[in-house]
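Fold and geometry: a report
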Amino acid sequence: EVLSLIDYPVAFKLLRIPLPENKMALLDKLIEEKIIIKRASCYDITNLGAILFASNLTDFDSLSRKAVRVIFYKDNNRINAIKEQVGVKGYAVGFVGLVDYINANLPINEEIGKALRKDTPVYPPIAIREFVANALIHQDFSISGTSPMIEVFKNRLEITNPGKPLIDILRFIDHTPISRNEHLASI
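Overview of the structure.

Parameters and conventions
- Residues numbered from 1 in each chain as written.
- Predicted model: local features only at pLDDT ≥ 70, side-chain atom pairs only at ≥ 80, totals over all residues.
- Heavy atoms only, no water.
- Helix = DSSP H or I, 4+ residues; strand = E, 2+ residues; numbered from the N terminus.
- Contact = heavy atoms within 4.5 Å.
- Areas by Shrake-Rupley, 256 points an atom, 1.4 Å probe, with all protein chains shown as cover.
- Lys, Arg positive; Asp, Glu negative; His and termini not counted.
- Charge placed at Lys NZ, Arg CZ, Asp CG, Glu CD.
- Expected span 1.5 Å × (residues − 1).
- Bend = angle between axes of the 7 residues up to and from the residue.
- Buried < 20%, exposed > 50% of the residue type's maximum accessible area, 1.4 Å probe, protein only.
- Axes fitted to C-alpha atoms, helices over the stretch in contact; angles between N-to-C directions.
- Parallel < 35°, antiparallel > 145°, perpendicular 65-115°, else oblique.
- Left-handed = near helix turned anticlockwise from the far one by under 90°.
- Nonpolar A, V, L, I, M, F, W, Y, C, P; charged D, E, K, R; others polar.
- Pairing = 2+ DSSP bridges.
- Polar contact = N/O pair within 3.5 Å; in protein donor to acceptor, adjacent residues only side chain to side chain.

A word on the overall build of the protein chain
- For the protein chain, the helix and strand inventory stands at 7 helices and 8 strands.
- Along the longest, intermediate and shortest principal axes, the C-alpha atoms of the protein chain span 65 × 40 × 35 Å.
- Taking contacts inside the protein chain between residues at least 6 apart in sequence as the whole, the part at least 24 apart equals 54%.
- Total accessible area on the protein chain stands at roughly 11900 Å², and carbon and sulfur atoms take up 54% of it.
- Distance between charge centroids for the protein chain: 4 Å, based on 23 positive and 22 negative side chains.

As structure tokens, this is what we get:
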């Protein structure tokens with residue numbers, strides 16, 4: 001059952017660990033990586049394992065509200081949403097798809113050169129990747145009922161997460177990094 005609830009092939013690929021050849025070696029490696037734990041005669045998925053590698057976050061009651069939400073609005077306010085997407089996969093399993101979805105739906109500028117037109121994203125894809133990663137990693141999981149959100153307005157993009165920053169926001173650039181969720185960040 002544990003192996004059906006987490007996307008363990010993707011977990012092993014992302015962790016750069018060869019997929020073990022038998023089920024016991026597979027379970028042992030998942031225990032070693034703190035994705036699952038063994039209790040008596042059964043296995044449990046850790047919160048870390050679920051939030052990162054869940055095939056479907058709705059299978060985990062305590063984490064289903066931590067799914068990432070992406071909302072595109074018609075104007076510069078929250079009155080008219082055009083579309084909303086709520087993630088279902090664990091953060092690590094769904095990260096590339098999430099970033100690709102955001103980038104594919106963001107506005108682009110069309111620059112006309114001497115002979116050809118060139119599409120240039122309004123927001124650099126690498127910046128989107130880093131902001132989304134930081135929102136996921138540095139959220140405060142002790143705050144319930146809220147999740148990381150990416151909101152796209154006509155004139156701006158807002159990426160928020162539960163919790164207050166651990167450092168002064170005016171020092172983000174020059175302050176030594178501090179992580180609220182060290183193990184999640186390292187994976």
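A short note on helix α5 (residues 91-105)
- Helix length check: α5, at 15 residues, gives a terminal C-alpha distance of 20 Å against a target of 21 Å (1.5 Å per residue), a fit within 8%.
- At G97, α5 is bent by approximately 25°, the largest bend along its length.
- Among the residues of α5, those classed as buried are Y91, V93, G94, F95, L98, V99 and I102.
- On the buried face of α5, the contacting elements are α2 (8-14), α4 (47-53), β3 (69-73), α6 (125-137) and β7 (149-152).

Here we look at the packing of α5 against α6
- Where α5 contacts α6, the two axes come as close as 10 Å, and the packing angle between them is 140°. If you check the angle between α5 and α6, you find them oblique. Both α5 and α6 take part in a crossing whose hand is right-handed. Residues Y91, F95, L98, V99, I102 and N103 of α5 form the contact with α6, whose own contacting residues are P125, I128, R129, V132, A133 and L136.
- Looking at the contact of α5 with α6 residue by residue, the classes come out as 10 nonpolar, 1 polar and 1 charged.

Observations regarding the sheet that holds β7
- One open sheet holds the 4 strands; their spatial order is β4-β3-β7-β8, and the pairing between them is mixed. Of all the strands in the sheet, just β4 (81-86) and β8 (157-160) have a single pairing partner and so form its edges. The sheet shows a mean angle of 10° between the axes of neighbouring strands, taken without regard to direction.
- Sheet analysis places β3 next to β7, joined by 4 bridges and oriented parallel.

Observations concerning the side chain of Q139
- The residue Q139 is located in the loop between α6 and β7 in this model.
- Residue classification places Q139 among the buried positions, given a relative accessible area of 0%.
- For Q139, the side chain forms a polar contact with the main-chain oxygen of L136, separated by 3.1 Å.
- Those residues within four positions of Q139 in sequence are excluded, and the remaining contacts are K66, Y91, P148, N161, P162, R180 and N181.

So, unusual backbone geometry
- One non-glycine residue with positive phi stands out, namely K34, at about 65°.
- Along the chain, K34 falls in the loop between α3 (23-32) and β1 (36-39).
- The backbone of A40 sits at a positive phi, close to 50°, despite the residue not being glycine.
- Tracing the backbone through its elements, the reader meets A40 in the loop between β1 and β2 (42-45).
- Using a relative accessible area of 77% as the deciding quantity, one classes A40 as exposed.

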